[in-house]
Amino acid sequence: MQETQSSAVDAEILLRYYRTMLLIRRVEERMEQVFLEGVISGTCHPCTGQEAVAVGACAGLLPTDYIVSNHRGHGHFIAKGGDPRRIMAEVFGKATGYSGGRGGSQHMAHFKIGFLGSNGITGGGIPIATGAALSLQLQKRSEIVACFFGDGAANQGACHEAINMAGVWKLPIVYICENNLYAMSTPFREAFAITDVAQRAAAYGMPGEIVDGNDVLAVREAVAKAAERARAGGGPTLVECKTYRFSGHSRGDPREYRPRKEEEAWHARCPIKRLREKLMEMKALNEELDARIRAGVEQEVREAEAFARNSADPEMDDLGKGVFA
Ligand SMILES: Cc1ncc(C[n+]2csc(CCOP(=O)(O)OP(=O)(O)O)c2C)c(N)n1
Ligand SMILES: [Mg+2]
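Just so you know, these numbers come straight off a predicted model, no measurement behind them.

> Sorry, what's going on with helix H4 (residues 84-91) here?
In an α-helix, one turn spans 3.6 residues, which is why side chains three or four residues apart end up on the same side. Where burial is concerned, most of H4 is hidden: six out of the eight residues are buried. For H4, the full list of buried residues reads Pro 84, Ile 87, Met 88, Ala 89, Glu 90 and Val 91. In this structure Asp 83 caps H4, since a side-chain oxygen of it lies 2.8 Å from the backbone nitrogen of Arg 85. A positive backbone phi angle near 75 degrees is found at Gly 93, which sits one or two residues after H4.

Structure follows, in structure tokens:
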């Protein structure tokens, strides 16, 4: 069932969002630590600070709907029901990972739960998601697609081409731009002549919504409304979530390009902290329950890491599997 306004103050549902957001944060903090220790090579892009977008958006969809992610995709995957053990194993390059250890942090997929994949190419997921929506429309199916991308991706040519086509064909898709104010070290204000990505929706012939991306319920409501519209044949919506990544762009980024005062202001609006305060006000959460939830999350993260560490490496004979050209 879609979790819309009627369940807005349902404590059990809010507690579930809270736990999932905490789980995403702790999985990624642990992952970043392991990268920095040099236990695993490559890189990862944590969505720390942006958890409300992932959790709120997936809550606004039906479990049978599809999502397409980007390079900052662990949160989207976990929010859609991905198993942190297999996500961690993929990052460790192990055979039990979602891509058999060959994809790593930016290349995971699990079609069974509607996760059509993360993507290391900035903006690369947007045409893929648009194609999936076209496929659903041609098959007259009732599922829809939600596509996550960043402000940087919004300036890629493929983004305009794909979103324009979706507007023309009224495809069943919700475009979710996570505007975290930076594309690597490039500030939003230096890359856009406008103040909101959502303003572009008019040029694509679709509604543009601006939402507080650090408010899980606001994201859920905006995405649920857009998803209903898409499902009813009304076509796509561009939802812009205003948010901020607390971490650097990827591991080891000292964040020299942004003022510490700006970071502090956004930390005060931490989506987890805000939901925690709301739950406390509602008396749905107290210190003791919070400690229990956090302990449960820590346990799950420890188990995920142990699973990853103890899993086997991929077999050499499997090296060519999934290679098409
Ligand atoms: C086609 C392409 N160009 C450049 C890059 C390098 N790159 C990786 S992430 C990134 C910035 C993406 O910014 P944004 O879309 O705002 O997402 P965010 O990292 O802020 O979540 C860039 C330029 C890339 N991966 N692919
Ligand atoms: Mg960005």
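Next comes the rest of the account.
> Help me out: how do you make sense of the site of ligand 1 in this one?
Taken together, 15 residues lie around ligand 1, and His 71, Arg 72, Gly 152, Asn 180 and Tyr 182 are the ones closest in. Thr 122 places a main-chain nitrogen or oxygen 3.1 Å from a nitrogen atom of ligand 1. At a separation of 2.8 Å, an oxygen atom of ligand 1 approaches a polar side-chain atom of Asn 180. Taking 580 Å² as the accessible area of ligand 1 by itself, protein coverage stands at 73%. Here the shell around ligand 1 is composed, by residue class, of five nonpolar, eight polar and two charged.

> Explain the environment of Gly 125 to me, please; I cannot follow it from the model alone.
Tracing the sequence through the fold places Gly 125 in helix H5 (residues 125-138). According to the relative accessible area criterion, Gly 125 is buried, its value standing at 6%. Not counting residues within four places of it along the chain, the set of residues in contact with Gly 125 comprises Val 68, Ser 69, Asn 119 and Cys 147.

> Can you help me understand unusual backbone geometry in this one?
Residues apart from glycine generally show negative phi values, whereas peptide bonds are mostly found in trans. At Leu 181, a position not held by glycine, the phi torsion is positive, near 75 degrees. Along the chain, Leu 181 falls in the loop between strand E3 (173-179) and strand E4 (182-183). A positive phi angle, near 60 degrees, is found at Arg 255, a position not held by glycine. Looking at the secondary structure, you find Arg 255 in the loop between strand E7 (237-242) and helix H10 (260-267). Among the residues examined, Arg 255 registers a relative accessible area of 21% and is labelled partly exposed.

> Help me understand the pairing of strand E6 (residues 208-212), please; the structure alone is not making it clear to me.
Successive residues of a regular strand alternate their side chains across the two faces of the sheet. Strand direction decides the pairing type here: E6 and E7, joined by five bridges, are parallel. Among the inter-strand pairings, Gly 208 is bridged to a residue of E7, identified as Leu 238. Following the backbone out of E6, through helix H9 (residues 216-231) and into the adjacent parallel E7, one traces a crossover that is right-handed.

> Teacher, can you tell me more about the pattern of salt bridges here?
If charged atoms from side chains of opposite charge come close, those side chains can pair. One pass over the structure, following the stated rule, counts 23 salt bridges. A salt bridge links Arg 141 to Glu 143, with the nearest nitrogen and oxygen atoms 3.2 Å apart. Residue class for Glu 143 comes out buried when judged on its relative accessible area of 15%. Taken together, the shared-partner salt bridges in this structure form one network comprising Arg 255, Arg 258, Arg 260 and Glu 263.

> What's the story with the packing of aromatic side chains in this structure? I'm lost.
Each pair of aromatic rings is reported with the distance of its centres and the angle of its planes. Tallying each qualifying case throughout the model produces six aromatic pairs. Taking the centre distance of 3.9 Å and the plane angle of 5 degrees together, the rings of Phe 77 and Phe 115 count as stacked. On the criterion of sequence distance, the pair formed by Phe 77 in helix H3 (residues 74-79) and Phe 115 in the loop between H4 and H5 is long-range, its members being 38 residues apart. Comparing Phe 77 with Phe 115 shows no difference in burial state: the two are buried. Between Tyr 244 and Trp 266, the aromatic rings sit 5.3 Å apart at their centres with planes inclined by 5 degrees, giving stacked as the arrangement. Here Trp 266 lies in helix H10 and Tyr 244 lies in the loop between E7 and H10, a separation of 22 residues in the sequence. Joined through ring pairs, the aromatic side chains of Tyr 182, Tyr 244, Tyr 257 and Trp 266 make up one cluster. Here the basic side chain of Arg 85 rests over the ring of Phe 307, its NZ or CZ set 4.8 Å away from the ring centre.

> I would appreciate a short explanation of the coordination of the magnesium ion (ligand 2) in the present structure.
Any two of four tetrahedral donors ideally make an angle of 109.5 degrees at the metal, while pairs among six octahedral donors ideally make 90 or 180 degrees. Looking at the magnesium ion (ligand 2), the protein donor atoms are Asp 151 (OD), Asn 180 (OD1) and Tyr 182 (O), and they sit 2.1 Å from it. Along the chain, the residues donating to the magnesium ion (ligand 2) fall in the pattern D-x28-N-x1-Y. Neither Asn 180 nor Tyr 182 differs from the other in exposure class; each is buried.

Here is what the cut-offs are and how they apply
Residues numbered from 1 in each chain as written. Chains lettered and ligands numbered in written order. Predicted model: local features only at pLDDT ≥ 70, side-chain atom pairs only at ≥ 80, totals over all residues. Heavy atoms only, no water. Buried < 20%, exposed > 50% of the residue type's maximum accessible area, 1.4 Å probe, protein only. Helix = DSSP H or I, 4+ residues; strand = E, 2+ residues; numbered from the N terminus. Polar contact = N/O pair within 3.5 Å; in protein donor to acceptor, adjacent residues only side chain to side chain. Near = heavy atom within 4 Å. Areas by Shrake-Rupley, 256 points an atom, 1.4 Å probe, with all protein chains shown as cover. Nonpolar A, V, L, I, M, F, W, Y, C, P; charged D, E, K, R; others polar. Contact = heavy atoms within 4.5 Å. Pairing = 2+ DSSP bridges. Right-handed = clockwise from strand over helix to strand, strands pointing away. Salt bridge = Lys/Arg side-chain N within 4 Å of Asp/Glu carboxyl O. Phe/Tyr/Trp six-rings, centres within 6.5 Å; stacked < 30°, edge-to-face > 60°. Lys NZ or Arg CZ within 6 Å of the ring centre and 35° of its normal. Donors = N, O, S within 2.8 Å, 3.2 Å for Na, K, Ca; no water.

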